[in-house]
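Descriptive structure summary
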Amino acid sequence: MQQLTVFMDIESSRSYIDELYSSDPERIVEALVMLKNSVIGSNRQKSSVIQQGVVPRLLQLMSDDTMDPIIKLEATITIGSLAKGTTENVRALVDQGAATALVNLLKSAPLGTKVAEAGLCALRSVFMHPPAPVSALPAETSLLARLTQIACDGTPTARTCVVRILSIWCCGTAEQEALCAAGACEAAAALMASAPPAAPALPALDLLANMCFENANVSQVALKTKHGDKTIPELLMSLVSRDKPLVVAMGAARCLTFIHRAGALPADDSRVVFGALPCLARLCTKEMPEDIRATAAEALAYLAEVDTSLQRLAAISNHLMTSLADIVNCQSAAAKQGAFKCFASLGANDEDIRKRIIETHGLMVHVINGMNNPEPLVRLAAVRCLHSLSRSVQQLRTTFQDHAVWKPLMQLLNDSPGTELLTVASSTLCNLLLEFSPAKEPMLDQGAVEILCNLTKSPESALRLNGIWALMNMAFQAEQKVKQRILCSLGTEQMFRLLGDSDTRVIMKTLGLLRNLLSTRHHIDAIMSEYSSQVMQAVIVVLEGSYPAEVKEQALCILGNIGDGEKAKDLIMANEDVLRKLVDYLAHPESKLQEAALFVATNLVWRGEAGAAARQARLAELGVLRALQLLRARHDAHHLHDKVKTALAQFNDFT
């Protein structure tokens, strides 16, 4: 019956579809009206018409400037009706060039005409079906200026359409700057000032938010843009009040949030403290619709993400903790995601806030459930929350252990997650592997070493950093078998690759790992007996290379640790190049390098250890004693005086 019905539709519409190709304008108009009426409200009929290949003819009639204006108008309205169909309908229109044709129509159609408005309505319908064909709208100054003029002076329908189209189109820095230059801030301000505020203000708020997002230049322009006697921030403050529709208040609070995060409004600005923040906290409460609460929680998370004062203020605003705990219980993925993100932001820096979050009833169970959620964005937000809370030493030892949070985290890491989730999860792993964390041992048993070693081979710098950082934490005060396992799994070749990394932080953590591996005297001797040539080569590479001072400092500290070994110190004494570098660094103008070199020298000359006299004689011969004496005499090294004095006191017969 389905096929027969479609066949009958095609047969009944065939006659007036054929008339679309007539040379008689009146017959074309009549056919267009019949076609338009047949597709209104019927997705099935829309699909049928598109399948019959009518779209190219409609676009031709719409685009031909020699055609009767009525024909152009009716063809445009019909395209707009088809664009209100299914996603497949819109995709077919875009594939056949409808978006580009509509944009070209808007370039030439006189402003204020019905055909221009019909073109805007049609283009809006096309753009509102993701993915929007943003490439069809070029960043041409004349076109954008024309569209922003419509947004300022057009009919209410035309203004709303333009701003909605541009808000969707604005998806990057180039678009933000182009719109700003074309006067879009002024257009948005004009729409925000209109009354009543709901219909025209909403797309204007979306446009302003998208233009200001992470764009300092546009946000500064927005800060100074006026409509009448009010600036955009003043207009936004009037829209966050309780008497405005919820979606409008939300949109205004998001704009203030984005302007703040772009650096145009400081964290202590009254429009942030008394405008955006309390509005978002209010919109998180239980009385609000679920979709509003979800968006508000996400926006509040972004607002408070980096500023401790805003985190503390938000934590005591409008029973926010209770509201967020309730949002986590909502069914929608967006709500859970927003709540987890907000908890993560609030607990980013303050231990007391983290404690309050942890004590929120049942939250850790929700976090663990969130990490197992089928929605990727919920999993990511839950891990972000866990990462924020994992900065608490107290919670690592208590709550995290009670709930065995490492289990779902390790499961996520073993499930080949995407880069973003892997980055956050591995950052959390760094904290869980600190030496005082009870999770350290069971995570070792679950293959944490091998996972982390693989991360150090990632093309992503952040993943390499997290991998080597976590290994460094794992090696701190670890048993010798754990250290051997790390060295065996990582391999010396990979260690050398990491020492040549383009990211200085990776190099620093690699040296930090070596330093932690080479601690405890019998560990030092055991590791150096097997890896001495590789370790010494790594140290020499850094000391001879063009590395920053803090990197060279780490290399010297590794030498100092080696010098603490019973047998390993002989490896330093056997390397004259290293000893001559030691003299150079004792005289280095950088105080941190002087201090690190002093640490090496002290361990090598320490009195009472086997072979001390011979080492002292050799070091004195190479100039170490003279360098220490000069260091003692330097007025700018008074902070090292006691350490220099201790080192000099070790020389039995030379001082």
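Just so it is clear, the model here is predicted, and its values are computed rather than measured. (Residues numbered from 1 in each chain as written. Predicted model: local features only at pLDDT ≥ 70, side-chain atom pairs only at ≥ 80, totals over all residues. Heavy atoms only, no water.)

With that out of the way, let us pick up the overall build of the protein chain. Of the regular secondary structure elements, the protein chain holds 42 helices and two strands. Its C-alpha atoms give the protein chain a radius of gyration of 34 Å, more than 25% over the compact-globule value 26 Å for 655 residues. Projected onto its principal axes, the C-alpha coordinates of the protein chain cover approximately 115 × 55 × 50 Å. A total of 655 residues make up the protein chain; the buried ones form 55% of that total. Within the protein chain, contacts between residues separated by at least 24 positions form 68% of all contacts whose residues are at least 6 apart in sequence. Split by element, the accessible area of the protein chain, about 27900 Å² in all, is 52% carbon and sulfur. Averaging the positions of the 62 positive and the 68 negative side-chain charges in the protein chain gives two centres separated by 4 Å. (Helix = DSSP H or I, 4+ residues; strand = E, 2+ residues; numbered from the N terminus. Rg over C-alpha atoms; globule rule 2.2 N^0.38 Å. Buried < 20%, exposed > 50% of the residue type's maximum accessible area, 1.4 Å probe, protein only. Contact = heavy atoms within 4.5 Å. Areas by Shrake-Rupley, 256 points an atom, 1.4 Å probe, with all protein chains shown as cover. Lys, Arg positive; Asp, Glu negative; His and termini not counted. Charge placed at Lys NZ, Arg CZ, Asp CG, Glu CD.)

Pro130 connects to Pro131 through a cis peptide bond whose omega is -5 degrees. As for its position among the elements, Pro131 is in the loop between helix 8 (114-127) and helix 9 (141-153). For Gln477, which is not glycine, the phi dihedral falls at a positive 50 degrees. Examined against the element boundaries, Gln477 turns out to sit in the loop between helix 31 (461-475) and helix 32 (480-490). Gln477 sits in the exposed class, given a relative accessible area of 58%.

Inspection of the entire model under this criterion finds three aromatic pairs. Over the ring of Trp469 we find Lys509, and its NZ or CZ is 4.1 Å from the ring centre. (Phe/Tyr/Trp six-rings, centres within 6.5 Å; stacked < 30°, edge-to-face > 60°. Lys NZ or Arg CZ within 6 Å of the ring centre and 35° of its normal.)

Take the layout of surface pockets next. Approximately 640 Å³ is the volume attributed to the largest pocket. Only helix 16 (246-261), helix 18 (290-304), helix 21 (333-346), helix 24 (376-389) and helix 28 (419-432) provide two or more residues apiece to the lining of the largest pocket. Taken together, the residues of the lining of the largest pocket break down into 10 nonpolar, seven polar and seven charged. (1 Å grid on protein atoms, 1.4 Å probe; cavity = no way out; pocket = protein on both sides within 12 Å on 5 of 7 lines; lining within 4 Å. Points joined across faces, edges and corners; volume = space filled by probe spheres on them. Nonpolar A, V, L, I, M, F, W, Y, C, P; charged D, E, K, R; others polar.)

Turning next to the packing of helix 18 against helix 20 (residues 320-328). Between two packed helices, the angle of one axis relative to the other and the distance separating the axes together describe the packing. In contact at an axis separation of 11 Å, helix 18 and helix 20 are set at 125 degrees when each is read in the N-to-C sense. Looking at the two axes, helix 18 sits oblique to helix 20. For the pair helix 18 and helix 20, the sense of crossing is left-handed. In this structure, helix 18 contributes Arg293, Ala297 and Leu300 to the contact, and helix 20 contributes Leu320, Ser323, Leu324, Asp326 and Ile327. (Axes fitted to C-alpha atoms, helices over the stretch in contact; angles between N-to-C directions. Parallel < 35°, antiparallel > 145°, perpendicular 65-115°, else oblique. Left-handed = near helix turned anticlockwise from the far one by under 90°.)

For Thr66, the position within the fold is in the loop between helix 4 (55-63) and helix 5 (69-82). Given a relative accessible area of 72%, Thr66 falls into the exposed group. In terms of polar contacts, Thr66 uses its side chain to reach the side chain of Asp64, at 2.6 Å. (Polar contact = N/O pair within 3.5 Å; in protein donor to acceptor, adjacent residues only side chain to side chain.)

The next thing to look at is the side chain of Thr360. In this fold, Thr360 is placed in the loop between helix 22 (351-359) and helix 23 (363-371). According to the relative accessible area criterion, Thr360 is buried, its value standing at 12%. Setting aside anything within four residues of it in sequence, one finds Thr360 in contact with Met321 and Ala325.

Turning our attention to empty space enclosed by the protein. Across all of its chains, the model carries one cavity of 30 Å³ or more by this definition. Taken as a whole, the largest cavity encloses approximately 60 Å³ of empty space. Of all elements in the fold, only helix 33 (492-499) and helix 35 (521-544) reach the threshold of two or more residues within the lining of the largest cavity. Top contributing element to the lining of the largest cavity by residue count: helix 33, with four residues. Of the residues assigned to the lining of the largest cavity, the class counts are seven nonpolar, two polar and no charged.

The end-to-end C-alpha distance of helix 21 is 20 Å, a good match for the 20 Å that 14 residues give at a rise of 1.5 Å each. Counting buried positions over the 14 residues of helix 21 gives 11, a clear majority of the element. Listing the buried residues of helix 21 in full gives Ala335, Lys336, Gln337, Gly338, Ala339, Phe340, Cys342, Phe343, Ala344, Ser345 and Leu346. Tucked inside the fold, the buried residues of helix 21 contact helix 18, helix 19 (308-315), helix 20, helix 22, helix 23 and helix 24. (Expected span 1.5 Å × (residues − 1).)

With that settled, the discussion passes to the packing of helix 21 against helix 24. Helix 24 packs onto helix 21 with a crossing angle of 20 degrees between their chain directions and a minimal axis gap of 8 Å. With respect to helix 24, the element helix 21 is oriented roughly parallel. Where helix 21 crosses over helix 24, the two elements pack in a sense that is left-handed. Across the interface between the two elements, Ala333, Lys336, Gln337, Phe340, Lys341, Phe343 and Ala344 of helix 21 pack against Leu377, Val378, Ala381, Ala382, Arg384, Cys385 and Ser388 of helix 24. Here the contact of helix 21 with helix 24 is built from residues that sort into nine nonpolar, two polar and three charged.

A separate point is the nonpolar core. Proteins that are soluble and globular tend to have nonpolar side chains buried together. Counting residues in each nonpolar core, the largest one holds 241 residues, and the members touching the most others are Leu236, Leu513, Leu559 and Ile562. Tallying contributions element by element places helix 35 first for this core, with 11 residues. Excluding its chain neighbours within four sequence positions, the residues that come into contact with Leu513 are Ile468, Leu471, Met472, Ala475, Ile486, Leu490 and Met495. (Core = buried A, V, L, I, M, F, W, Y, C linked by side-chain atoms within 4.5 Å.)

The exposure class of Pro131 is exposed, given its relative accessible area of 71%. Remark: the alpha-carbon pair of Pro131 and Thr87, spanning 44 residues in sequence, is separated by 9.5 Å.

On average, residues of the protein chain score 90 in pLDDT, and 96% of them are at 70 or above. Every residue in residues 1-11 scores below 50 in pLDDT, and together they form seven contacts with partners more than four places removed in sequence or on other chains. (pLDDT = per-residue confidence, 0-100.)

The subject of this paragraph is the pattern of salt bridges. Going through the model one piece at a time under the given rule, you end up with 28 salt bridges. Here Arg618 and Glu621 are joined by a salt bridge, their closest N and O atoms 3.1 Å apart. Of this pair, Arg618 and Glu621 are both found in helix 40 (residues 612-622), three residues apart, which corresponds to roughly one turn of the helix. Taking relative accessible area as the criterion, Arg618 reaches 25% and is therefore assigned partly exposed. Bridged by salt links that share partners, the residues Arg521, Asp564, Lys569 and Glu609 form one connected network. (Salt bridge = Lys/Arg side-chain N within 4 Å of Asp/Glu carboxyl O.)

As a further point, take the state of the cysteines. Per the counting criterion, the structure on display carries zero disulfides. There is no disulfide at Cys284, and the cysteine sulfur nearest it, in Cys342, is 5.8 Å away. Looking at Cys284, the relative accessible area reads 0%, which means it is buried. Using a relative accessible area of 0% as the deciding quantity, one classes Cys342 as buried. (Disulfide = S-S within 2.5 Å.)

Right, let's get into the side chain of Arg146. Checked against the element boundaries, Arg146 lands in helix 9. Here Arg146 is buried and forms no salt bridge, its nearest opposite-charge partner Glu140 lying at an N-O distance of 9.9 Å. If we ignore the near neighbours within four places in the chain, the residues touching Arg146 are Leu106, Lys107, Ser108, Ala109, Pro110 and Leu111.

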